[in-house]
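A structural walkthrough
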Amino acid sequence: MVMHAIVLEEENAQVAERIAAHYPKHYRVNDTCFLVRTEDLSSNVAANLKIDGADKSAGAPGVVLKLNGARSGFADSALWEWFDE
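Now for a description of the structure that goes with this document. All of these numbers come straight from a predicted model, not from anything done at the bench. (Residues numbered from 1 in each chain as written. Predicted model: local features only at pLDDT ≥ 70, side-chain atom pairs only at ≥ 80, totals over all residues. Heavy atoms only, no water.)

**Details of the overall build of the protein chain**
Cut-off, in case you're wondering: Put simply, DSSP marks the helices as runs of H or I at least four residues long and the strands as runs of E at least two long, and each gets a number from the N terminus on. Here the radius of gyration uses the C-alpha set of atoms, whereas the globule reference equals 2.2 Å times the residue count to the power 0.38. Under the scheme applied here, a residue whose accessible area is under 20% of the maximum for its type counts as buried, over 50% as exposed, and between as partly exposed, the area being computed with a 1.4 Å probe on protein chains only. Contacts are assigned to residue pairs that have any heavy atoms within 4.5 Å of one another. Only the protein chains shown count as cover for residues, and all accessible areas are computed by the Shrake-Rupley method using a 1.4 Å probe. Counted as positive: Lys and Arg. Counted as negative: Asp and Glu. His and the chain ends are not counted at all. Working definition for charges: the position is that of NZ of Lys, CZ of Arg, CG of Asp or CD of Glu.
Helix and strand content of the protein chain: 3 helices and 4 strands. A globule of 85 residues ought to have a C-alpha radius of gyration of about 12 Å, and the protein chain, at 12 Å, matches this closely. Expressed along its principal axes, the backbone C-alpha trace of the protein chain runs to roughly 35 × 25 × 20 Å. Each of the 85 residues in the protein chain was classed as buried or not, and the buried ones make up 31%. Within the protein chain, residue pairs in contact and separated by at least 24 positions form 65% of the contacts whose partners lie at least 6 positions apart. For the protein chain, the exposed area adds up to about 5300 Å²; of that, 51% sits on carbon and sulfur atoms. Seen as two clouds, the 8 positive and the 13 negative side-chain charges of the protein chain have centres 4 Å apart.

**A word on a nonpolar patch on the surface**
What counts, and what does not: Each patch is assembled from residues with relative accessible area greater than 30% and no salt bridge, linking like charges that lie within 9 Å and nonpolar side chains (Val, Leu, Ile, Met, Phe, Trp, Tyr) that lie within 5 Å. Salt-bridge detection follows one rule: a side-chain nitrogen of Lys or Arg within 4 Å of a carboxyl oxygen of Asp or Glu.
Taken together, the side chains of V7, V63 and L65 define a hydrophobic patch exposed on the protein surface, amounting to about 200 Å² of accessible area. Mapped onto the elements, V63 comes out in strand β4 (residues 62–66). Owing to a relative accessible area of 37%, V63 belongs among the partly exposed residues under this scheme.

**Points about the packing of aromatic side chains**
In this description, a pair of aromatic rings is defined by centroid distance and the angle of the planes. Spelled out, the test is: Think of it this way: a Phe, Tyr or Trp ring, Trp meaning its six-membered ring, pairs with another when their centres are within 6.5 Å, and the plane angle makes it stacked under 30 degrees, edge-to-face over 60, tilted otherwise. We call a charge positioned above a ring when the Lys NZ or Arg CZ atom is no farther than 6 Å from the ring centre and deviates by at most 35 degrees from the ring normal.
Counted under the stated rule, the structure contains 3 aromatic pairs. Seen from their ring centres, W82 and F83 are 5.8 Å apart, and the 70° between their planes marks the pair as edge-to-face. Note on W82: relative accessible area 3%, which makes it buried. The structure contains a cluster of three or more aromatic residues connected by ring pairs, namely Y27, W80, W82 and F83. The cationic tip of R37 hangs over the ring face of W82; the distance from NZ or CZ to the ring centre is 3.9 Å.

Written out as structure tokens, the structure is:
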């Protein structure tokens, strides 16, 4: 599985709901940043969540980043456990 970070420009409840529906094992870092594991391409993740600009009425500004797996830093233990699932 590939890890992706979803970073929204502002909080969006509809995108958070779509993340939960498409990627139930996601990790919510905060109200504008989420992590997901999937075999989907970043462009597919963005399309699934409607943050690709295709649907201006239902979409939200943001970006999907493919993560390379390297990590370092200090964070809540739940985040580190999610990485290791």
